[in-house]
Amino acid sequence: MLELLSVVVRAFNEACVLPEFHRRMTEAMQAPDLNYEIIYVDDGSTDETVAVLNNFRERDESIAVIELSRYFGREVAISAGLDHSQGRIQLAY
């Protein structure tokens, strides 16, 4: 098995595009022997982003969701996700 790959994704009011993004991301991660986690960081969204992300987490144990209390910006959100990540290999979007 390969090293754990951590993918950190910052989301801010992305409810309408997250399902397709998540579908494509998890499809890409289906490579043989790929061990991964996807960490979504909600950066204080005011739409249904958190509900969409929690739905992903309920259906897939390789998904983690971090909810920030308010909008902090991309750098803080990505840092929060990287702090939470377990992988030796880390990617941030």
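Residues numbered from 1 in each chain as written. Predicted model: local features only at pLDDT ≥ 70, side-chain atom pairs only at ≥ 80, totals over all residues. Heavy atoms only, no water.

Caption draft 1: Structural view of the pattern of salt bridges. One pass over the full model with this rule turns up 5 salt bridges. A salt bridge links glutamate 3 to arginine 88, with the nearest nitrogen and oxygen atoms 3.9 Å apart. With glutamate 3 in the segment before strand S1 (4-11) and arginine 88 in the loop between helix H3 (74-84) and strand S4 (89-92), this residue pair connects regions lying 85 residues apart in the sequence. Of the residues examined, glutamate 3 reaches a relative accessible area of 43% and is grouped as partly exposed. Across the pair arginine 23 and glutamate 20 runs a salt bridge whose closest N-O atoms are separated by 2.6 Å. Placement of both arginine 23 and glutamate 20 in helix H1 (residues 18-28) is noted, with a separation of 3 residues, approximately one turn of the helix. In the salt-bridge network here, residues are joined through shared partners; they are Glu20, Arg23, Arg24 and Glu27. (Salt bridge = Lys/Arg side-chain N within 4 Å of Asp/Glu carboxyl O. Helix = DSSP H or I, 4+ residues; strand = E, 2+ residues; numbered from the N terminus. Buried < 20%, exposed > 50% of the residue type's maximum accessible area, 1.4 Å probe, protein only.)

Caption draft 2: Up close: the nonpolar core. Grouped together as the largest cluster of nonpolar side chains are 16 residues, with contacts concentrated most on Leu18, Ile38, Tyr40, Leu53 and Phe56. Those elements that place two or more of their residues in this core are S1, H1, strand S2 (35-42), helix H2 (49-59) and strand S3 (63-67). Broken down by element, this core gets its largest block of residues, 4 residues, from S1. Discounting chain neighbours no more than four positions away, the residues touching tyrosine 40 are Val9, Leu18, Phe21, His22, Leu53, Phe56, Ile63, Ala64, Val65 and Ile66. Counting residues in each nonpolar core, the second largest holds 8 residues, with Val8, Ala64, Leu68 and Ala77 among its members. (Core = buried A, V, L, I, M, F, W, Y, C linked by side-chain atoms within 4.5 Å. Contact = heavy atoms within 4.5 Å.)

Caption draft 3: Looking closely at the packing of H1 against H2. Where H1 contacts H2, the axes come no closer than 10 Å and their chain directions differ by 30°. Relative to H2, the element H1 is oriented roughly parallel. Where H1 crosses over H2, the two elements pack in a sense that is right-handed. Facing H1, whose interface residues are Leu18, Pro19 and His22, H2 presents Thr49, Val52, Leu53 and Phe56. Considered class by class, the residues forming the contact of H1 with H2 number 5 nonpolar, 2 polar and no charged. (Axes fitted to C-alpha atoms, helices over the stretch in contact; angles between N-to-C directions. Parallel < 35°, antiparallel > 145°, perpendicular 65-115°, else oblique. Left-handed = near helix turned anticlockwise from the far one by under 90°. Nonpolar A, V, L, I, M, F, W, Y, C, P; charged D, E, K, R; others polar.)

Such coordinate-based values are descriptive only and should not be taken to indicate function.
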